[in-house]
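# Analysis of the macromolecular model
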Amino acid sequence: MSDADQAAAWTSWPAPAKLNLFLRITGRRDDGYHLLQTVFRILEWGDSVRLRIRDDGQIRRHGPSVSGVDEADDLTVRAAKMLQSATKCAQGADIIIDKRIPAGGGFGGGSSDAAAVLVGLNALWRTGLDVDRLAELGLRLGADVPVFVRGENAWAEGVGEELSAIELPAAWYLLADPGVHAPTATLFKSPELTRDAPPATMSDFVSGVPLGNAFEPVLRAREPAVEAVFAALSQVGSPRLTGSGSGCFVEFATRESAEVALAALPTGLRAWVAEGAQASPLHRALADWTKQAIPAP
């Protein structure tokens, strides 16, 4: 295969980040998993996943994975192998992740990368699974994977897998990364964590009732870097924590107001602006790929 053919064989799939606009823990299941309520907001910013079909059945990740994670344990590799096994597909894949989403920030990078592999390879391998089946496979990899597979902003309950699509107003977000890798499993065991919050309703959220994030007080007390970012963001708006990570954000109605706020932050703070999506960039890419793969009559 020529260099040009090699390059043409790669396809690129967006793996958007997400925000949790609030996060409450309302109880625990008998198996120990926590019951959550949250709203997932998908962003027009994130990683890119590049995929290329292999004829030898092997799944190979090229380039670095998350620090300390072996290739076999990488979520994208596991996602590809799971889809391959579930569909008995004889083809393999090469995978490259162009990382932008910081690990441990609560922006959903690993989950979104895995979802992009499931959606992208389902198309490229022509394995034909519907979105419900892909989401079911994704849930085995992590509770946040199904929302990326489905590609809709969503109200979520259960362990985060009971999703109801929700329309959200246009918004821009000032995001900040304190550089702390928040250990989710450790945080869930924290004695300070509120695990019995009264359930919220969708009308509470829509009406603007402050619903908070159960992990925010824990992380702010434990991590000076997170507290410092909250202090900086408080000068330009009302900061919130996303997910169980250390990432923080402030919501704005317009790009201009978000960029003015960004310019006002102290130098040295890792911060940037991203637009809230109405539908996932991954699903727009899938629609474009489908049009090209199946030309109109």
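These notes cover the structure that comes with them. (Residues numbered from 1 in each chain as written. Predicted model: local features only at pLDDT ≥ 70, side-chain atom pairs only at ≥ 80, totals over all residues. Heavy atoms only, no water.)

## What about the overall build of the protein chain?
Here is the rule: The way it works is that DSSP assigns letters per residue, a run of H or I at least four long becomes a helix, a run of E at least two long becomes a strand, and they are numbered from the N terminus. A radius of gyration in this sense is built from C-alpha atoms; the matching globule rule multiplies 2.2 Å by the number of residues raised to 0.38. Three exposure classes are used, based on accessible area relative to the maximum for each residue type with a 1.4 Å probe and protein chains only: buried under 20%, partly exposed in between, and exposed over 50%. Here, Shrake-Rupley sampling with a 1.4 Å probe gives the accessible areas, and only protein chains in the shown set may cover a residue. In summary, the charge assignment counts Lys and Arg as positive and Asp and Glu as negative, without counting His or the chain termini. Every charge is mapped to an atom, namely NZ of Lys, CZ of Arg, CG of Asp or CD of Glu.
Counting its secondary structure elements, the protein chain contains 11 helices and 10 strands. Against the compact-globule benchmark of 19 Å for 297 residues, the protein chain has a radius of gyration of 19 Å, which places it among compact chains. The proportion of buried residues among the 297 residues of the protein chain is 49%. Carbon and sulfur atoms make up 52% of the accessible area of the protein chain, which totals about 13800 Å². Taken together, the 28 basic and 36 acidic charged side chains of the protein chain have centroids lying 3 Å from each other.

## Section: the environment of Leu-19
Note the following rule: Every residue pair with non-hydrogen atoms within 4.5 Å of one another is taken to be in contact.
By secondary structure assignment, the location of Leu-19 is in strand β1 (residues 11–28). Given a relative accessible area of 0%, Leu-19 falls into the buried group. C-alpha of Leu-19 to C-alpha of Gly-57: the two residues are 38 residues apart in sequence and 35 Å apart in space. Those residues in contact with Leu-19 that sit more than four places away from it in its chain are Val-39, Phe-40, Arg-41, Leu-43, Phe-107, Tyr-173, Leu-175, Thr-242 and Phe-249.

## Observations concerning the sheet that holds strand β9 (residues 248–252)
Test applied: Any two strands with at least two DSSP bridges between them are considered paired. Only the contacting stretch of a helix is used when fitting its axis, a line to C-alpha atoms as for every element, and angles between N-to-C directions run 0 to 180 degrees.
With antiparallel pairing, the 4 strands of this open sheet are ordered in space as β8-β9-β7-β10. Of all strands in the sheet, those with a lone pairing partner are β8 (240–241) and β10 (271–275), marking the two edges. In the sheet, β8 pairs with β9 via 2 bridges, with the strands oriented antiparallel. Pairing of Arg-240 across the sheet is with Phe-249, part of β9. Across the sheet, helix α10 (residues 255–264) lies against β7 (172–176), β9 and β10, angled at about 175 degrees from β10, the strand it touches most.

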